[in-house]
Amino acid sequence: MTDSKYFTTTKKGEIFELKAELNSDKKEKKKEAVKKVIASMTVGKDVSALFPDVVNCMQTDNLELKKLVYLYLMNYAKSQPDMAIMAVNTFVKDCEDPNPLIRALAVRTMGCIRVDKITEYLCEPLRKCLKDEDPYVRKTAAVCVAKLHDINAQLVEDQGFLDTLKDLISDSNPMVVANAVAALSEIAESHPNSNLLDLNPQTINKLLTALNECTEWGQIFILDCLANYMPRDDRESQSICERVTPRLSHANSAVVLSAVKVLMKFMEMLPKDLDYYGTLLKKLAPPLVTLLSAEPELQYVALRNINLIVQKRPEILKHEMKVFFVKYNDPIYVKLEKLDIMIRLASQANIAQVLAELKEYATEVDVDFVRKAVRAIGRCAIKVEQSAERCVSTLLDLIQTKVNYVVQEAIVVIKDIFRKYPNKYESVIATLCENLDSLDEPEARAAMIWIVGEYAERIDNADELLESFLEGFHDESTQVQLQLLTAIVKLFLKKPTETQELVQQVLSLATQDSDNPDLRDRGYIYWRLLSTDPVAAKEVVLAEKPLISEETDLIEPTLLEELICHIGTLASVYHKPPSAFVEGSRGVQHKKLTARAGSGESAESPDVGLSGPSEAPPAVIPSQGDLLGDLLNLDLAPPTATVPSVQPSMQMGAMDLLGGGLDSLMGDESDTLGGDIGGSPSMGGGLGVAPAAMPAALGGAPAVGGGLGDLFDLSGGVGMPTGSYVAPKTVWLPAMKAKGLEISGTFARRGGIIQMDLSLTNKAMSVMTDFAIQFNRNSFGLAPAGPLQVLTPLSPNQTIDVSLPLSTSGPVMKMEPLNNLQVAVKNNIDVFYFSCQYPISMIFVEDGKMERQVFLATWKDIPNDNEALFQIKDIHLNSDAASNKLQGSNIFTIAKRTVEGQDMLYLSVKLTNGIWVLAEMRIQTGNPNYTEMELSIKCRAPEVSPFVFQCYELVLKN
Amino acid sequence: MIHSLFLINNAGDLFLEKHWKSVISRSVCDYFFEAREKAVEPDNVPPVIRTPHHYLINIYREKIFFVSVIQTEVPPLFVIEFLHRVAETFQDYFGECSETTIKDNVVIVYELLEEMLDNGFPLATESNILKELIRPPTILRSMVNTITGSSNVGETLPTGQLSTIPWRRAGVKYTNNEAYFDVVEEIDAILDKSGTTVFAEIQGVIEACVKLSGMPDLSLSFMNPRLLDDVSFHPCVRYKRWESERVISFIPPDGNFQLMSYHISAQNLVAIPVYVKQNISFFETGSSGRMDITVGPKQTMGKTVECLVVTVHMPKVVLSANLNATQGTYNYDPVTKILVWDIGKLNPQKLPNLKGSLSLQSGAPKPEENPSLNIDLKIQQLAISGLKVNRLDMYGEKYKPFKGVKYVTKAGKFQVRT
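All of these numbers come straight from a predicted model, not from anything done at the bench. (Residues numbered from 1 in each chain as written. Chains lettered and ligands numbered in written order. Predicted model: local features only at pLDDT ≥ 70, side-chain atom pairs only at ≥ 80, totals over all residues. Heavy atoms only, no water.)

### Here we look at the pattern of salt bridges
Argument step 1. According to the stated counting rule, one finds 54 salt bridges over all chains in the structure shown.
Argument step 2. Between A:Arg371 and A:Glu441 there is a salt bridge, with its nearest N and O atoms 2.6 Å apart. Highlighted residues: A:Arg371 in helix α20 (residues 367-383) and A:Glu441 in the loop between α23 (429-434) and α24 (442-454), separated in sequence by 70 residues.
Argument step 3. Assessed through its relative accessible area of 23%, A:Glu441 is described here as partly exposed.
Argument step 4. Put simply, A:Lys67, A:Arg108, A:Lys147, B:Lys18, B:Glu114, B:Glu115 and B:Asp118 are held in one network by salt bridges that share partners. (Salt bridge = Lys/Arg side-chain N within 4 Å of Asp/Glu carboxyl O. Helix = DSSP H or I, 4+ residues; strand = E, 2+ residues; numbered from the N terminus. Buried < 20%, exposed > 50% of the residue type's maximum accessible area, 1.4 Å probe, protein only.)

Structure, rendered in structure tokens:
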């Protein structure tokens with residue numbers, strides 16, 4: 001007697017037969033029929049035609065039958081909404097049933113019926129169930145709120161269910177608490193700024209109590225929620241850590257990993273010299289190791305996370321190298337991850353072991369794995385200097401095996417070793433050259449060509465070798481072509497006498513016969529260099545290259561910090577910020593590790609961003625996707641800095657330009673170095689070779705920085721009416737978007753100084769401190785001229801008014817609209833972004849009165865195309881009053897003329913960046929009731945005209 | 001949370017789908033099939049697959065892929081753990097977790113899945129509670145049901161679900177009260193060519209079978225609890241007692257459960273019970289090779305090694321093996337290229353040996369990779385770490401239970417490189 005019998009009826013009249021059975025009088029037959037229907041449903045057959053018949057079976061005392069009907073309803077209600085209404089009555093009745101199991105079942109099922117009409121009927125029963133005496137019903141109802149929110153968010157808010165749900169966090173039953181947290185977290189995901197989970201010490205305490213008593217799944221929800229909390233001080237962090245630590249011994253690996261996340265995050269706030277800190281570090285290792293003895297799928301996720309953890313805190317697992325040794329029957333995805341972590345943990349102490357293992361792996365069957373193992377040997381050589389020699393000899397051994405892909409990988413990594421340790425291992429070049437013919441992969445070919453070019457003076461037949469590659473030049477991939485070009489030019493510079501023909505050949509191949517612009521450009525640059533100044537060419541092409549840094553594959557620090565806050569999530573599996581996910585990004589809040597105030601570590605992050613362009617470039621060039629991460633960095637600048645410069649972002653632009661453009665221009669070996677090394681060495685190369693290119697690059701930076709601007713634009717600025725003197729303050733950053741911090745403000749120009757008047761209001765429950773402010777680059781280079789002076793902590797419900805003097809000496813980037821200003825404000829809680837628009841009259845300077853002659857000349861000089869005409873209506877001012885009013889805003893009247901009953905005013909304005917804006921204003925004086933002004937504005941930068949006009953209008957109207 | 005679940009068999013047929021929220025088209029599984037194809041071996045399918053609108057998180061158990069669909073940021077481990085729980089529940093209910101049993105019990109499967117998740121949130125995953133809600137099928141019950149018309153769904157609220165000990169149901173009654181514990185240790189090890197241990201660790205679990213009436217409160221102590229520094233407990237164990245006294249104190253679930261697992265990685269504590277002397281070589285010419293394997297006892301603590309099996313994954317070019325075993329039988333499968341030598345009991349006086357020649361595909365070059373040996377074995381009445389249970393005390397109930405502890409050591413991932 002098995003259920004497979006339900007699948008056997010595949011005859012044509014099946015539906016008809018079922019219909020008859022469903023309407024049978026016999027209970028047993030009915031139930032069997034419903035079971036058949038469910039069975040068909042599970043395999044994807046369409047049995048929706050039976051809807052009314054199945055619903056008729058719903059009114060029954062038989063719990064199993066009821067459940068089966070419910071199952072059916074959930075599946076098909078959507079497609080038959082009108083029919084589904086029929087079921088509502090039974091649901092409502094069941095919600096009143098004396099048996100809590102029935103009550104819970106009813107409310108649970110109702111929530112799963114995704115039909116709008118039904119949701120309306122659901123509200124009342126749900127409200128009752130949320131307050132039910134039985135915790136089983138309450139916890140089911142809590143989840144139901146999340147379901148309802150998914151269907152109709154507005155309804156849930158209107159009905160006040162969210163507040164009821166928040167109250168459930170204080171429920172006496174731990175399971176109810178856990179489900180309430182789970183439901184709130186899910187709802188919060190679609191409302192990123194809604195402060196739904198307003199965590200304060202009291203709620204945290206409740207959560208921690210519930211943590212001990214609820215189910216494993218509940219523990220995961222609670223731990224994930226705890227991870228969002230920001231403890232007030234290190235004592236609180238320690239006490240939370242103490243209460244979370246026992247979760248590390250849980251049998252459920254998801255609980256363990258969530259606990260690890262909480263600990264990794266809160267640990268950051270503990271003083272390093274604390275005994276407890278050391279204890280905690282020790283406690284973290286065993287559970288992580290245990291995760292690796294679980295099923296392979298669990299291992300995979302664990303390994304991806306461990307990869308982050310060892311980058312952040314290598315000390316935790318430094319003695320556990322052996323657990324990462326690869327086993328023969330590990331799935332490939334586990335093998336590759338283990339290998340990665342082995343290299344991260346490699347140190348002088350364990351390098352012998354690691355190398356022995358890697359050599360073993362290099363003889364395995366799986367090609368991908370073998371390749372990665374060979375590459376790993378190279379990375380070890382670069383990472384652990386003492387082992388370099390051993391690594392090289394291991395690689396040579398592997399080359400001797402003559403296994404094609406092993407040889408190719410080995411050559412690629414040996415090239416990197418040469419770059420790291422110049423003039424040390426060149427003796428092996430001969431061996432490498434023996435394998436020239438077997439190289440068929442572009443990366444390996446390019447690496448080999450680089451080696452030949454770089455060491456041309458030591459290889460007797462370098463010209464022959466390179467010439468042999470040249471024969472099939474057009475069939476090679478771009479990577480190889482570029483490399484070949486560079487290598488031959490190097491060869492020529494080293495041995496000019498014998499290779500003239502060769503170099504001409506390659507230059508003509510690159511410039512005349514190629515469609516690839518990169519190749520052509522590089523070819524032309526070499527050509528011109530060689531023909532105009534061979535000495536300079538030598539300096540450029542054969543310049544000493546900076547050593548490659550030891551670990552270029554590390555995750556960029558800000559991203560790493562963010563990922564550490566997301567341990568155990570998909571983000572941590574993909575090593576990408578949560579914002580990079582398509583669906584999950586509906587509302588992602590950027591999380592950041594908060595270091596203990598004043599601890600050494602907090603200074604680390606700004607370093608990354610602030611290192612000047614003259615310093616060695618940071619090892620990792622953040623890709624476009626990481627720009628946001630770097631913005632975070634920017635805001636970490638200590639609030640005491642006198643001019644919190646926006647330089648980091650400037651530099652970003654410069655770096656991008658260098659990374660993207662320069663290296664292909666200067667193109668030493670940049671392109672081929674790709675792979676493991678990443679872009680950074682090539683950039684270093686570019687910098688070293690041509691420092692003169694820097695200013696140009698910086699000059700061009702704003703254009704590149706566009707990406708950065710775009711990011712800011714997303715924040716959708718709250719527009720500010722462009723006021724004349726001082727516009728009333730408007731809310732720039734609503735509290736909802738900034739975890740309780742509300743910022744309103746306006747701009748004023750007082751005594752020649754632009755001031756940003758801000759009101760900061762704390763609408764959160766906790767005290768806010770450590771305020772700092774920073775602007776993005778903007779059209780007129782506005783920048784804070786001093787730090788944001790919020791000296792006392794801002795307690796809840798307190799408002800503080802600050803005036804921030806601004807200078808116009810900051811970096812410039814054209815914004816859209818022109819007067820848009822993007823601002824980042826930081827406090828102890830987070831960094832918040834908003835944008836506002838300043839009236840352009842803020843940047844009208846006091847000495848803006850032009851000489852009459854100059855005015856005339858300039859007016860004539862500016863082409864008529866640049867003239868813009870505007871009309872200002874409903875102005876009840878005569879020309880003198882207007883002139884006076886305008887003067888208050890640094891708009892100066894140069895001359896006045898009366899023509900045919902109209903007053904003509906000639907006005908001038910000078911902007912902070914030296915741009916003059918001239919205007920001719922025509923005022924109708926004839927009719928005092930109806931005054932219309934015509935304004936024609938001329939300026940060399942016509943894009944400012946509309947904004948200047950706005951100012952005129954506002955000044956005159958107020 | 002978890003949106004949907006698809007069950008897919010090894011042949012790529014989707015044979016069951018369950019949606020906890022809105023219905024997601026099964027076409028989403030095309031991304032899975034793509035990954036499945038790319039992975040060649042079913043074991044190698046990556047556990048997390050990204051699609052444009054969803055994430056597919058899957059596990060592979062008993063030749064079935066459990067593919068779950070998620071749409072928002074959900075901890076992947078949470079999903080994987082849950083999927084394992086589903087597989088275990090099927091195993092628990094139907095004796096085995098296979099396509100056939102799932103199809104045979106499709107309605108129960110559906111009911112179970114419905115009880116295990118609500119809107120993607122786990123609801124009841126403890127086997128004790130599930131069994132109260134939905135009774136497992138037995139031949140007797142299905143006969144009784146047919147005759148009396150009663151159902152296999154529980155009529156009452158599962159009591160345990162609400163108490164502070166959700167894992168135990170109330171009102172348990174047995175005529176024979178008994179509590180048995182199995183200490184099972186598995187040795188994971190990698191030995192290199194010369195027999196030196198590259199890596200070794202012990203994965204231990206204590207499986208319990210507790211059939212005690214009422215609400216017994218047990219505490220289990222060890223002779224040498226210091227061995228255990230990396231432990232994971234069943235939720236019933238009071239962690240504080242363990243921290244302070246190194247005693248495992250708990251109110252047990254009813255029936256079979258895993259009390260704890262532990263992990264011993266300190267190299268000096270991991271004894272390697274056998275050694276393997278092997279020589280596998282391939283000749284440059286003649287398309288042949290030789291093989292010679294001997295297994296002998298090493299640190300067995302005076303116990304007998306049983307169920308000894310040596311498995312060799314041969315290179316692809318090995319066509320057949322012509323060998324002679326002094327003990328046990330060998331079998332070479334030319335399709336999977338796996339050689340299995342089933343030795344049985346290890347006799348220290350007369351060491352088992354397997355020797356002979358291998359023939360390779362003619363003309364093929366000598367294989368590059370070295371085959372790897374996997375060892376399986378079992379030692380009764382021994383926990384290789386030396387862990388020993390001291391005593392088991394029961395509080396809270398008056399009767400005197402039967403108590404028993406068994407030890408067994410097995411080889412886990414025990415690998416010898418050649």
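### Some remarks on the interface of chain B and chain A
Argument step 1. Each side of the interface is counted separately: chain B has 99 residues, and chain A has 102 residues.
Argument step 2. Note on chain B versus chain A: buried area summed over both sides is about 8,600 Å², and carbon and sulfur give 58% of it.
Argument step 3. Looking only at chain B, the three residues that lose the most surface to chain A are B:Glu73, B:Leu77 and B:Phe121, adding up to 8% of its buried area.
Argument step 4. Connecting chain B to chain A are 11 salt bridges.
Argument step 5. Ionic pairing is found between B:Glu114 and A:Arg108, a salt bridge with its closest N-O pair at 3.3 Å.
Argument step 6. The interface formed by chain B and chain A holds 23 residue pairs in polar contact (both at pLDDT 80 or more) in total.
Argument step 7. When residues of the side of chain B that touches chain A are assigned to their parent elements, the largest contribution, eight residues, is made by helix α2 (residues 76-94) of chain B.
Argument step 8. When the residues that make up the side of chain B that touches chain A are grouped by side-chain class, the tally is 41 nonpolar, 30 polar and 28 charged. (Contact = heavy atoms within 4.5 Å. Buried area = accessible area lost by both parts, 1.4 Å probe. Polar contact = N/O pair within 3.5 Å; in protein donor to acceptor, adjacent residues only side chain to side chain. Nonpolar A, V, L, I, M, F, W, Y, C, P; charged D, E, K, R; others polar.)

### A look at the sheet that holds strand β16 (residues 306-313) of chain B
Strands in a sheet are paired, the pairing made by backbone hydrogen bonds, and the direction either parallel or antiparallel.
All names here are of chain B.
Argument step 1. Strand order in the open sheet made by the nine strands is β11-β13-β9-β8-β23-β21-β16-β19-β18, with mixed pairing throughout. Two strands lie at the open edges of the sheet, namely β11 (231-233) and β18 (329-333), each paired on one side alone. Between one strand axis and the next, the sheet turns through 15° on average, direction left out of account.
Argument step 2. Across five bridges, β18 lies against strand β19 (residues 338-344) in antiparallel orientation. Within β19, the residue paired with Asn-331 across the bridge is Val-340. (Pairing = 2+ DSSP bridges. Axes fitted to C-alpha atoms, helices over the stretch in contact; angles between N-to-C directions.)

### A word on the pairing of strand β4 (residues 55-61) of chain B
All names here are of chain B.
Argument step 1. Counting buried residues along β4, seven of its seven residues qualify, which places the element largely inside the surrounding structure.
Argument step 2. By the alternation rule, side chains of β4 split into Tyr-55, Ile-57, Ile-59 and Arg-61 and Leu-56, Asn-58 and Tyr-60, which are all buried.
Argument step 3. As defined by bridge partners, strand β3 (residues 48-50) adjoins β4 across three bridges and the pair is classed as antiparallel. From the neighbouring strand, Arg-50 faces β4, where its bridge partner is Tyr-55.
Argument step 4. Counting the residues that bridge the hairpin from β3 to β4 gives four residues.
Argument step 5. Inspection of the sheet shows β4 paired to strand β5 (residues 64-70) by seven bridges, in the antiparallel sense. Note that in β5 the partner of Leu-56 across the bridge is Val-69.

### A few points about the environment of A:Met83
Residue and element names in this part refer to chain A.
Argument step 1. When you line up the elements, Met-83 lands in helix α5 (residues 81-94).
Argument step 2. Distance from Met-83 to Phe-51, taken between C-alpha atoms, is 7.4 Å for residues 32 residues apart in sequence.
Argument step 3. Those residues in contact with Met-83 that sit more than four places away from it in its chain are Phe-51 and Pro-52.

### Thoughts on the sheet that holds strand β9 (residues 867-873) of chain A
All names here are of chain A.
Argument step 1. The five strands are arranged β9-β13-β12-β11-β10 in an open sheet whose pairing can be described as antiparallel. On the outer flanks of this sheet lie β9 and β10 (892-899), each paired with one strand and no other. Strand after strand, the sheet turns through a mean of 20° between neighbouring axes, direction not considered.
Argument step 2. In terms of strand pairing, strand β12 (residues 916-924) meets strand β13 (residues 932-939) through seven bridges, oriented antiparallel. For Ile-923, the partnering residue across the bridge sits in β13 and is Met-933.
Argument step 3. Here helix α39 (residues 852-861) sits on the sheet in contact with β9, β10, β11 (902-910), β12 and β13, set at roughly 95° to β12.
Argument step 4. Sheet strands in contact with helix α41 (residues 945-957) are β9, β11, β12 and β13, and its direction is about 25° off that of β9.

### Examining the environment of B:Tyr275
Residue and element names in this part refer to chain B.
Argument step 1. Within the secondary structure, Tyr-275 is located in strand β14 (residues 274-282).
Argument step 2. On the accessibility criterion, Tyr-275 (28% relative accessible area) is partly exposed.
Argument step 3. Residues within four places of Tyr-275 in sequence aside, it is in contact with Thr-294, Val-295, Gly-296, Pro-297, Lys-298 and Leu-351.

Keep in mind these numbers describe shape, not what the thing actually does.
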